[in-house]
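If you want the building blocks of each chain, they are given just below.
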Amino acid sequence: SWDQSGIHFVSLINVGEGETMGVLGDEQLAWLQKDLSARKTDVPIVVFGHVPLFAVAPEWGWTTTDGVKAIALLKRFSAATVLNGHIHQVIEHSDGAIRFATARSTAFPQAAPGTPNAKPGPLKVAPDSLLGVLGYRTVQVEGATAWRDRTLAQS
């Protein structure tokens with residue numbers, strides 16, 4: 001973690017292989033609790049992770065199984081932003097003053113959760129539409145966090 005321009009930034013590791021995919025673990029959660037306890041509630045918090053902390057699609061592994069514990073630690077702050085990838089698409093979610101945002105991928109698209117007969121993993125698309133489903137997100141933290149999504153076709 002680090003502080004910059006009045007914002008506290010935290011990077012979490014919730015990606016690994018097998019049973020450690022989408023898990024923070026007790027040691028990291030204890031570290032996060034200690035780290036956040038030193039911050040005032042009005043300090044903006046930005047958290048980076050790979051896998052979503054909230055349950056986007058648990059059946060596809062698109063959640064952090066102990067993410068609710070990290071979310072509980074963030075609830076006392078007046079402004080927290082949680083950013084992640086892993087799912088390769090744009091989804092936004094709020095829980096009180098916590099804003100969650102995922103981002104597209106620059107590598108390959110994935111199907112949206114709930115798409116009939118779909119499963120996680122690379123999604124085949126027509127070559128002429130590929131740049132329209134790949135992209136990135138820029139984030140600006142000033143007062144309220146603002147983000148902008150762009151496809152590679154817009155770049």
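For the structure itself, look to the data block above.
Quick caveat, the model's predicted, so the values are computed rather than measured. (Residues numbered from 1 in each chain as written. Predicted model: local features only at pLDDT ≥ 70, side-chain atom pairs only at ≥ 80, totals over all residues. Heavy atoms only, no water.)

On the basis of which strands lie adjacent, the open sheet formed by six strands has the order β1-β2-β3-β4-β6-β5 and mixed pairing. At either margin of the open sheet sits one strand with a lone partner, and together these are β1 (2-4) and β5 (92-95). Taken pair by pair, the neighbouring strands of this sheet meet at an average axis angle of 20 degrees, ignoring direction. Examined bridge by bridge, strand β4 (residues 80-84) and strand β6 (residues 98-102) share five bridges and lie parallel to one another. Across the sheet, residue A80 finds its bridge partner in β6, namely I98. Strands in contact with helix α1 (residues 26-37) are β2 (7-11) and β3 (45-48); relative to β2, the strand with the most contacts, it is inclined by about 175 degrees. Across the sheet, helix α2 (residues 67-74) is in contact with β3, β4, β5 and β6; its angle to β6 comes to roughly 135 degrees. (Pairing = 2+ DSSP bridges. Helix = DSSP H or I, 4+ residues; strand = E, 2+ residues; numbered from the N terminus. Axes fitted to C-alpha atoms, helices over the stretch in contact; angles between N-to-C directions. Contact = heavy atoms within 4.5 Å.)

So far we have only geometry, and geometry alone does not tell us how the molecule works.
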